[in-house]
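For reference, the chains in residue letters:
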Amino acid sequence: QVQLAESGGGLVQPGGSLRLSCAASGRCFAVNAMGWYRQVPVSQRELVATTTRGGSTNYADSVKGRFTISRDNAKNTVYLQMSALKSEDTAVYYCNAQVMHYTGAVLLPAQSDFWGQGTQVTVSS
């Protein structure tokens, strides 16, 4: 079992900044891609940003130039630096990790998705 612990959400004014963190923990696993998704009430969850283990990144058009995703592979942690925040960024943000598992010394090729419980980001005057 892999668990994702999220932190960093809160209330900020328009134009402000926040930094979200998500750390993966468990036993006998390796993390491949990680990312951030967000969701508002009665809507679909949407991709915000993703990053591969090698550092390649992908962003939603709505956050390009304002958000930066990064990761620390040694800590199994992904970050989302959010700047120039707008009211439209208000949502629950969810961390996602694509995980592979070990059996003994063998890394299995199968991959599973895990999700954090979500952290609230509110941008308001």
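Residues numbered from 1 in each chain as written. Predicted model: local features only at pLDDT ≥ 70, side-chain atom pairs only at ≥ 80, totals over all residues. Heavy atoms only, no water.

Chemist: Before we go on, may I ask you to explain the side chain of threonine 51 in this structure?
Modeler: Checked against the element boundaries, threonine 51 lands in strand E5 (residues 46-51). Within the structure, the side chain of threonine 51 is placed 3.3 Å from the backbone oxygen of serine 56, a separation counted as a polar contact. Ignoring anything within four residues of it in the chain, the contact list for threonine 51 reads Asn32, Ala33, Met34, Ser56, Thr57, Ile69, Arg71 and Val78. (Helix = DSSP H or I, 4+ residues; strand = E, 2+ residues; numbered from the N terminus. Polar contact = N/O pair within 3.5 Å; in protein donor to acceptor, adjacent residues only side chain to side chain. Contact = heavy atoms within 4.5 Å.)

Chemist: Please explain the pattern of salt bridges as it appears in this structure.
Modeler: Opposite charge on two side chains permits them to pair, given that their charged atoms come into close proximity. The full count for this structure, using the stated rule, is 4 salt bridges. In this structure, arginine 38 and aspartate 89 form a salt bridge, with 3.0 Å as the shortest nitrogen-oxygen distance. One end of the pair, arginine 38, is in strand E4 (residues 29-39); the other, aspartate 89, is in the loop between strand E8 (77-82) and strand E9 (91-103), and 51 residues separate them in sequence. There is no split in this pair, since arginine 38 and aspartate 89 are both buried. (Salt bridge = Lys/Arg side-chain N within 4 Å of Asp/Glu carboxyl O. Buried < 20%, exposed > 50% of the residue type's maximum accessible area, 1.4 Å probe, protein only.)

Chemist: When you look at the state of the cysteines in this model, what are you seeing that I'm missing?
Modeler: Two cysteines, two sulfur atoms, one covalent bond between them: this is a disulfide. In total, this model carries 1 disulfide according to the counting rule given. Shown here is the disulfide that connects cysteine 22 with cysteine 95, its sulfur atoms set 2.1 Å apart. On the S-S bond that ties cysteine 22 to cysteine 95, the torsion sits near -85°, and the link is left-handed. One end of the pair, cysteine 22, is in strand E3 (residues 18-26); the other, cysteine 95, is in strand E9, with 73 residues separating them in the sequence. One exposure class covers both cysteine 22 and cysteine 95, and it is buried. (Disulfide = S-S within 2.5 Å.)

Chemist: Can you walk me through the pairing of E3 in this structure?
Modeler: Successive side chains on a regular strand alternate, one facing one side of the sheet and the next facing the other. Relative to E3, strand E1 (residues 2-7) runs antiparallel, the two being bridged by 6 bridges. Residue pairing in the sheet places valine 2 in a bridge with glycine 26 of E3. Bridging between E3 and E8 involves 6 bridges; their strand directions are antiparallel. The residue of E8 that forms the bridge with leucine 18 is methionine 82. (Pairing = 2+ DSSP bridges.)

What is shown is where atoms sit, not what they do.
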